[in-house]
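A look at the structure
Listed below are the residues making up each chain.
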2 protein chains.
Amino acid sequence: MKYTEMKKEDLLSLKNSLQNEYEKIKNLKLSLDMSRGKPGREQLDLSYDVLKVFNGGETCISDSGIDCRNYGVLDGIPECKQLFSEILEVPPENIIIGGSSSLNLMFDFICQCMVSGIGGCAPWKDQGNVKFICNVPGYDRHFGIAEYFGIEMISVPMTPNGPDVEKIKELVKDSSVKGIFCVPKYSNPDGVTYSDDTVESLAALKPAAKDFRVIWDNAYCVHDLTDTPDRLMNIFEACKKYGSEDYFVEFTSTSKISFPGAGISAIAASNNNIADIKKRMSSQTIGFDKLNQLRHVRYYKNADGIRAHMKKHAAIIAPKFRIVLDALESEIAPLGIGEWIKPNGGYFISYNTAVGSAKRIGELCKDAGLVLTTVGATYPYGIDPQDRNIRIAPTFPSDDDLKKAVEIFCLCAKISAVESLL
Amino acid sequence: MKYTEMKKEDLLSLKNSLQNEYEKIKNLKLSLDMSRGKPGREQLDLSYDVLKVFNGGETCISDSGIDCRNYGVLDGIPECKQLFSEILEVPPENIIIGGSSSLNLMFDFICQCMVSGIGGCAPWKDQGNVKFICNVPGYDRHFGIAEYFGIEMISVPMTPNGPDVEKIKELVKDSSVKGIFCVPKYSNPDGVTYSDDTVESLAALKPAAKDFRVIWDNAYCVHDLTDTPDRLMNIFEACKKYGSEDYFVEFTSTSKISFPGAGISAIAASNNNIADIKKRMSSQTIGFDKLNQLRHVRYYKNADGIRAHMKKHAAIIAPKFRIVLDALESEIAPLGIGEWIKPNGGYFISYNTAVGSAKRIGELCKDAGLVLTTVGATYPYGIDPQDRNIRIAPTFPSDDDLKKAVEIFCLCAKISAVESLL
């Protein structure tokens, strides 16, 4: 029965029984964590052999003839560009290989726009107020970059097909709007993959700012959970019709393929953007870790190798998503107190309260021994204006811990809903 | 006989015979390179086993209990901080571990000063003209960073004891002078180690700018060539007397210990600077490659392990320095046409013409098949005002190639000197 249809005395009675359950769980003094969008240990074990690539004394010279032990090759070894070229479906010359962090690549790119400008325009720092559109709920580390640079964030609620393109078309008429943060495939946290119409419409944008740059963070490009994965239209293909390829800079990494924070990352961008980025990089570094690039190329070999590896990841984490979704389906769905999307890939389930407070759920979980992603973190400045969204991260806990965790979550969601109604 | 003491007709005769030699060498169509401050292949072979650290399925969990395969630990694993703590003689809490490039750490630090300020002061970008003192001859990639950020460079010629502290004391009375580039041990290219007096005097500086920051690039901290290495006073020890530790930020890396561009790097700094840097880093990245940190810790173990490894490097490259210095001693010294310092460590020999043009020597070498470090590169904007300095890098060529290379160099130095006198 939906909570909103219950009589007051029944809600009071329910509250008592929920609180009894809650006290029991509190006394168990559990310590559980559903906050971390990070692979679990079993997943990390999948990649151990990446570290053994030089076991037999194999050469450090790439097939392309580069001694990967020494200085040189600013933008990455050809084999590594080829690998990402296959995954992202752009030519190798439009790829730059980075270090172990795509976030670092994004920060540094936005930094260069601020400090020295992009596309021949003046530095953003000299153009007055700079704004970015933030699709919400979204990724807190994107918002953190904007905060660091003093970029004003304009929240635009996501739709089931991706960003609200109609709103965005209006906003970009303002030339101080310099960019958008996007996670276009299995978006963080909603798990939505932008529809073809959405991608086309974004490619067709006519921003007032000539130095408009969309951060196309394709972090989950191969992170499918099922045999019928979402397919994301290639933004650069879409851009060809409009000549708008300079407006999009794509990022990805192997963090959730090989090792979080110890893999390799990549940028895919137009010829102009690649040239601008390389120019700045040539002042910043001599290059990134080519031995780690070689390690990944030797182990995974090509996009098929990557995809085969991802199936192993899916075999471990799809059941974890199942555990959470099944619990929500049986415990929450009948009560009409919350909504969520069932993602086809990625790392998160985005829960929105229909009745109840996300903040309150977070507090209750914390006191019961369950850590959730900081409530509000999925919004700029950590403030969810409607206090509805919670990002659930199922991948790190063991299956047993996860079952306990989602049980606690459901209980707290119920308590908060009942409190709101009384 | 000194060229300056020769009669005109003898110089003409000499010129002819030098040019005959030159034509012969030109016809050999050699291809030699004395420009690259990079380890040779034999040196890189020394570190191969760093790549085999996980051969036997060793754990990726550090002794400190960190799973180095996963996200976390922004500033580096404790064991790695401990390693650099021993080498640089600062407490581990004053160390941050970076990626594979110390240049990248320097660029990013100067960037944060420009963009968000340091030490509680306004961003440099909002303070009008920003200047840096450049000890010359110096390192072109330092100058490249300054150029990128539009920082005005003030050249101050080096002395045999290090920077010209008297000149620097005057210059820092200007609050727009925000920093100095220093390579304090086996400086690039002079090979000079700052004397204790110099380090003390720098520590005693009273800059007008409260946000004054010296880039203390200790790239060659353990890169001794002999059993009687230079000893550099610890700048932070020197600073204690004056309370000036915030003015110095130290950098280093294992590029010339393990692998250039594929090792690990580190910052050593005061508590205040470490806090400011970590704050910016927390917006920029989740952390650097902890597996590579663990690899280095497991292989080298401690500072003694590093020093033992460096002796192997010295065994390979000290003879190369000998080859160059012996040739200069026998071919150039008697002629009074050039000067050089005999370094006790580091990667370069700095040659200064007494008679002749550095540019001309560079051209002659190039046409004879020998590439030198771009002449002028050791000065800001690539312009050596006196056209005297050439940076010789002996480490990369084989001993045989090096012998040929320095022979060509001496010949070209002679030709340029004779041309100048006629």
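Residues numbered from 1 in each chain as written. Chains lettered and ligands numbered in written order. Predicted model: local features only at pLDDT ≥ 70, side-chain atom pairs only at ≥ 80, totals over all residues. Heavy atoms only, no water.

**Overview of the pairing of strand β5 (residues 177-182) of chain B**
Residues and elements named next belong to chain B. Counting buried residues along β5, six of its six residues qualify, which places the element largely inside the surrounding structure. Where strand β3 (residues 131-136) lies against β5, four bridges are found, and the strand directions are parallel. If you follow K131 over to β5, its bridge partner there is V177. Two strands pair when backbone bridges link them, and β5 and strand β6 (residues 213-217) are joined in this way by four bridges, in the parallel orientation. Looking across to β6, one finds that I180 is bridged to V214. Tracing the backbone out of β5, into helix α7 (residues 196-203) and back to the parallel element β6 gives a crossover that is right-handed. (Buried < 20%, exposed > 50% of the residue type's maximum accessible area, 1.4 Å probe, protein only. Helix = DSSP H or I, 4+ residues; strand = E, 2+ residues; numbered from the N terminus. Pairing = 2+ DSSP bridges. Right-handed = clockwise from strand over helix to strand, strands pointing away.)

**Some remarks on the environment of A:A209**
All names here are of chain A. Mapped onto the elements, A209 comes out in the loop between α7 (196-203) and β6 (213-217). Of the residues examined, A209 reaches a relative accessible area of 2% and is grouped as buried. Residues A209 and M106 lie 103 residues apart in sequence; the distance between their C-alpha atoms is 19 Å. What A209 contacts, discounting residues up to four positions off in sequence, is S175, V177, K178 and Y247. (Contact = heavy atoms within 4.5 Å.)

**Considering helix α10 (residues 290-300) of chain B**
For α10(B), a buried count of nine out of 11 residues is recorded, marking the element as mostly surrounded by other parts of the structure. Taken together, the buried positions of α10(B) are occupied by B:K290, B:L291, B:N292, B:Q293, B:L294, B:R295, B:H296, B:V297 and B:Y300. As for α10(B), its buried residues are in contact with α10 (290-300) of chain A together with α3 (78-88), β2 (95-97) and α11 (303-331) of chain B. Among the residues trailing α10(B), B:K301 stands out with phi positive, at a value near 75°.

**Focus: the side chain of A:T285**
By secondary structure assignment, the location of A:T285 is in the loop between α9 (271-284) and α10. By relative accessible area, A:T285 is classed as buried at 0%. Within polar-contact distance, the side chain of A:T285 engages the backbone nitrogen of A:G287 at 3.0 Å. Contact partners of A:T285, with chain neighbours within four places excluded, come to A:L74, B:S101, B:L103, B:N104 and B:R141. (Polar contact = N/O pair within 3.5 Å; in protein donor to acceptor, adjacent residues only side chain to side chain.)

**Re the packing of helix α4 (residues 102-116) of chain A against helix α5 (residues 140-148) of chain A**
Residues and elements named next belong to chain A. Close contact between α4 and α5 brings their axes to 11 Å; oriented N to C, the two are set at 30°. When the axes of α4 and α5 are compared, the pair comes out roughly parallel. Note that α4 runs across α5; the crossing there is right-handed. Side by side, α4 and α5 meet where L103, M106, F107 and I110 of the first sit next to R141, H142, I145 and Y148 of the second. The class makeup of the residues in the contact of α4 with α5 is six nonpolar, one polar and one charged. (Axes fitted to C-alpha atoms, helices over the stretch in contact; angles between N-to-C directions. Parallel < 35°, antiparallel > 145°, perpendicular 65-115°, else oblique. Left-handed = near helix turned anticlockwise from the far one by under 90°. Nonpolar A, V, L, I, M, F, W, Y, C, P; charged D, E, K, R; others polar.)

**Concerning the domain arrangement of chain A**
Residue and element names in this part refer to chain A. Under the domain assignment used here, chain A contains domain 1 (3-44 + 307-421) and domain 2 (61-301). Taking the mean C-alpha position of each, domain 1 and domain 2 sit 31 Å from one another. Facing the 28 residues of domain 1 at the interface are 37 residues of domain 2. In total, domain 1 and domain 2 occlude about 2600 Å² of area from one another, counting both sides; carbon and sulfur atoms represent 61% of this. Broken down residue by residue, the surface that domain 1 buries against domain 2 is led by M310, N344 and Y381, which jointly contribute 24%. Here domain 1 is connected to domain 2 by one salt bridge. Across the salt bridge formed by D227 and K311, the nearest N and O atoms sit 3.9 Å from each other. Taken together, domain 1 and domain 2 are joined by 10 residue pairs in polar contact (both at pLDDT 80 or more). (Domains from an automatic or database assignment. Buried area = accessible area lost by both parts, 1.4 Å probe. Salt bridge = Lys/Arg side-chain N within 4 Å of Asp/Glu carboxyl O.)

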